[in-house]
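Reading the structure
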Amino acid sequence: MAKRAAPEVNAGSMADIAFLLLIFFLVTTTIEKDSGINRKLPPMEENEEDVIIKQKNIFTVLLNKSDQLLVEDEIMEVKDLRAAAVEFLDNGGDGSCDFCQGAKDPKSSDNPDKAIISLKNDRETSYAAYITVQNELVAAYNVLRNRRALQVGSQKGFSDMDFVTMQKNYKDVRWVGNKEKLKAVIDQIKVEIPQKLSEVQ
Amino acid sequence: MSKFKKKKDGGLAPINTASLPDIVFMLLFFFMVATVMREDTLMIKNALPLADQVEKLDKKNPISYIYMGKPASGYEKYGNVARIQLNDKFASVGDVAAFIAAERGAMREELIPFLTVSLKVDKEANMGIVGDVKQELRKVNALKINYTTGAGEALTNMQ
């Protein structure tokens, strides 16, 4: 057999392939972003007027130095906190909240607007425990907001979208839809179920 | 005559390297885009706790980072209780106000109200130091904070 020289590979399209790959990666990679729990600190004001809040509208969460949890004067496991907070917020004791599905217990909160969660921690509390509790409390609000979003959204043309998805879509530049209308729905839910989380210093 | 002509024997044809620059540039661009510059060298342990109800930190708004945690290995001489790190050095609680003022001075004026302070706190740190920093932030009216966490199941933090 005659030995043949290998034919030269045409490399003219290599650059095209390279650019194709480049564009593919450019489009698909997302730079990892930091994420976390957003909070707003109360401003420093010499506000001496005490606002009177009914005891039944306050949900006290106490985290001691060995990371044990005391909720409404009862010891509780962290995993039960979310359900307890939802129950408290969703109570709707005075009947003014038409979307609440709670027990309407007169001894618990009046409505989600009045309900306040008070979180107190010790200096020795570990940060991990604190974040876990914060996370569970935010989760409780999100449970209610998601439920409300499904109700409101279906009337306003955003069906099958819970609150978290709504917020994500609102920030997403690629989302096609009426952002102004979505913003109105988000704001409405935020007003109906405000995050009233107070931290005791 | 031609039947037994020796085939031209040049060995293998040389590989065309004309597109090598393209490949190199492609890699270069890829890494340029995908890498995130580390802003500070950490001198502390910084294992963030996990949470699942998180929101993304918006890069459109200015962010200042405050790190807290125990000094990392190599920095044991700074003790074994949680400390604050601002930029590249250890700091005390009293330095937080100056740090925020410096951060504000470096940014455009219209963005100042949108400054978010990202607290990157080691999960073994105590709340005492975090509370002190929060109090300092309130004093300088930097009220938007973000407890930066990893993504994951929050209940695993406490085990």
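Residues numbered from 1 in each chain as written. Chains lettered and ligands numbered in written order. Predicted model: local features only at pLDDT ≥ 70, side-chain atom pairs only at ≥ 80, totals over all residues. Heavy atoms only, no water.

What to know about the overall build of chain A
Put simply, the test is: Secondary structure elements are taken from DSSP: a helix is a run of H or I of four residues or more, a strand is a run of E of two residues or more, and numbering for both begins at the N terminus. Summary of the burial criterion: residues with accessible area below 20% of their type's maximum are buried, those above 50% are exposed, and those between are partly exposed, where the area comes from a 1.4 Å probe applied to protein chains only. Here a residue-residue contact requires only that any non-hydrogen atoms of the pair lie within 4.5 Å.
Helix and strand counts for chain A stand at 5 helices and 6 strands. Listed N to C, the secondary structure of chain A is α-β-β-β-β-α-β-α-α-α-β in terms of helices and strands. Within the span of chain A, comprising 201 residues, buried residues form 39% of the whole. Looking at chain A alone, contacts between residues at least 24 apart form 58% of all its contacts between residues at least 6 apart.

Details of the interface of chain B and chain A
Test applied: Once two parts are put together, the accessible area they lose, assessed with a 1.4 Å probe and summed over both, is termed the buried area. Pairs of N or O atoms within 3.5 Å make up the polar contacts considered here, provided that, within protein, one atom can donate a hydrogen while the other can accept it, and that residues adjacent in sequence are counted only when both atoms are side-chain atoms. Here the term charged refers only to Asp, Glu, Lys and Arg, the term nonpolar to Ala, Val, Leu, Ile, Met, Phe, Trp, Tyr, Cys and Pro, and the term polar to all other amino acids, Gly among them. Paired strands, as defined in this entry, are two strands with at least two bridges between them according to DSSP.
At the junction of the two partners, chain B supplies 52 residues and chain A supplies 52 residues. In this assembly, chain B packs against chain A so that about 5,000 Å² is buried in total across both faces, 60% of it on carbon and sulfur atoms. One can count 22 residue pairs in polar contact (both at pLDDT 80 or more) joining chain B with chain A. Where the side of chain B that touches chain A is concerned, the elements lending two or more residues are helix H1 (20–34), strand E1 (50–51), strand E2 (55–56), strand E6 (116–121), helix H3 (127–139) and strand E7 (144–151) of chain B. By residue number, the principal contributor to the side of chain B that touches chain A is H3 of chain B, which donates 10 residues. Looking at the side of chain B that touches chain A, its residues break down into 27 nonpolar, 11 polar and 14 charged. Bridge count for strand E1 (residues 35–40) of chain A against E7 of chain B is 6 bridges, and the pairing is antiparallel. Following the sheet pairing, Lys40 of chain A is matched in E7 of chain B by Lys144 of chain B.

Digging into the sheet that holds strand E6 (residues 197–200) of chain A
Residues and elements named next belong to chain A. To keep it simple, the criterion reads: An axis is simply a line fitted to the C-alpha atoms; with a helix, the fit covers only the stretch in contact. Between two such axes, the angle follows the N-to-C directions and lies from 0 to 180 degrees.
With mixed pairing, the 5 strands of this open sheet are ordered in space as E4-E3-E2-E5-E6. If you trace the sheet from one side to the other, it starts and ends with strand E4 (74–76) and E6, each paired once. Ignoring which end each strand starts from, the neighbouring axes of this sheet average 30 degrees apart. Looking at chain direction, strand E2 (residues 58–63) and strand E3 (residues 69–71) are connected through 3 bridges and run antiparallel. Across the sheet, residue Leu63 finds its bridge partner in E3, namely Leu69.

Some words on the environment of Gly93 of chain A
Within the element layout of this structure, Gly93 of chain A appears in the loop between helix H2 (81–89) and strand E5 (116–121). Look at Gly93 of chain A and you get partly exposed, because its relative accessible area is 26%.

A short note on unusual backbone geometry
Positive phi outside glycine occurs at Glu72 of chain A, with the angle close to 50 degrees. With respect to the helices, strands and loops of the structure, Glu72 of chain A is situated in the loop between E3 and E4. One non-glycine residue, Asn87 of chain B, adopts positive backbone phi at about 50 degrees. Along the chain, Asn87 of chain B turns up in the loop between strand E4 (83–86) and strand E5 (89–91). Given the relative accessible area of 37%, Asn87 of chain B is considered partly exposed.

Quick notes on the confidence of the model for chain A
Spelled out, the test is: The predictor attaches a confidence to each residue, and that confidence, scored 0 to 100, is pLDDT.
In the predicted model, chain A carries a mean pLDDT of 82, and the fraction of residues at 70 or more is 88%. Ranking the elements of chain A by mean pLDDT puts helix H1 (residues 14–28) of chain A last, at 68, and E5 of chain A first, at 90.

Section: helix H2 (residues 95–105) of chain B
Residue and element names in this part refer to chain B. Rules: The directions considered for the arc run from the helix axis to the C-beta atoms.
Within the span of H2, buried status applies to Val96, Phe99 and Ile100. Along H2, the residues classed as buried sweep out an arc of 95 degrees about the axis, all on the same side. Those residues of H2 that are exposed and aimed more than 90 degrees away from the buried face are Ala102 and Gly105. The secondary structure elements touched by the buried residues of H2 are strand E3 (63–69), E4, E6 and H3.

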